[in-house]
Amino acid sequence: RVSSVCKLVPRFLSVYMNVLLTHAPPSCIEQVIPLLLQRFAWLYPVDFFLASVHRLIIDTLQSIFQRWPGFLLSMKHEVINSITTLFNSTGKTLVLHLCWIIGELLNPAICADAEGDIT
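Residues numbered from 1 in each chain as written. Predicted model: local features only at pLDDT ≥ 70, side-chain atom pairs only at ≥ 80, totals over all residues. Heavy atoms only, no water.

## What about the packing of helix α2 (residues 26-39) against helix α3 (residues 47-67)?
Then, number 1: For the pair α2 and α3, the least separation of the axes is 11 Å and the interaxial angle reads 145°. Read as a crossing pair, α2 and α3 show a hand that is left-handed. Here Ile29, Ile33, Leu36 and Leu37 of α2 lie close against α3, whose contacting residues are Ile57, Thr60, Leu61, Ile64 and Phe65.
Then, number 2: Across the contact of α2 with α3, the residue classes tally to eight nonpolar, one polar and no charged. (Axes fitted to C-alpha atoms, helices over the stretch in contact; angles between N-to-C directions. Helix = DSSP H or I, 4+ residues; strand = E, 2+ residues; numbered from the N terminus. Left-handed = near helix turned anticlockwise from the far one by under 90°. Contact = heavy atoms within 4.5 Å. Nonpolar A, V, L, I, M, F, W, Y, C, P; charged D, E, K, R; others polar.)

Printed below as a string of structure tokens:
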């Protein structure tokens, strides 16, 4: 049963994330970011399940931050906390991608409309 559920959940999550990114208001999407960051390390330890859900979470976070780079400023404490918390665990892939996202998207030219300090 667990194996069957682990095969279905990534598909349902993919549909959910696509609908969320397409139809949800930015305020709703901003509330999902901390949940994605937290859940990355709390998944059931089935290898194929972990791989597919981790990829989905990373892809979703990249899509969110590319579309709304200002969320990096409003969510900076959550992102930094995730980087420091997940660095020595199964979250190294997420840490790598978060560092890339920060380096790629968090610059004054892209975040010119966002309020707050980048540092």
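Now that the structure has been shown, the text picks up again.
## A closer look at the nonpolar core
Then, number 1: The biggest cluster of nonpolar side chains holds 33 residues, and the ones touching the most others in it are Ile29, Ile33, Leu61, Ile64, Phe65 and Leu94.
Then, number 2: Those elements giving two or more residues to this core turn out to be α1 (2-23), α2, α3, α4 (71-74), α5 (76-86) and α6 (92-105).
Then, number 3: The biggest single contributor to this core is α3, with seven residues.
Then, number 4: When residues no more than four places from it in sequence are discounted, the contact partners of Leu61 are Ile33, Leu36, Leu37, Leu94 and Ile101. (Core = buried A, V, L, I, M, F, W, Y, C linked by side-chain atoms within 4.5 Å. Buried < 20%, exposed > 50% of the residue type's maximum accessible area, 1.4 Å probe, protein only.)

## What about the side chain of His97?
Then, number 1: For His97, the location among the structural elements is in helix α6.
Then, number 2: Here the side chain of His97 touches Thr93 through a polar contact of 2.9 Å, landing on its backbone oxygen.
Then, number 3: Once residues within four sequence positions are removed from consideration, His97 is found in contact with Arg55, Ile58 and Gln62. (Polar contact = N/O pair within 3.5 Å; in protein donor to acceptor, adjacent residues only side chain to side chain.)

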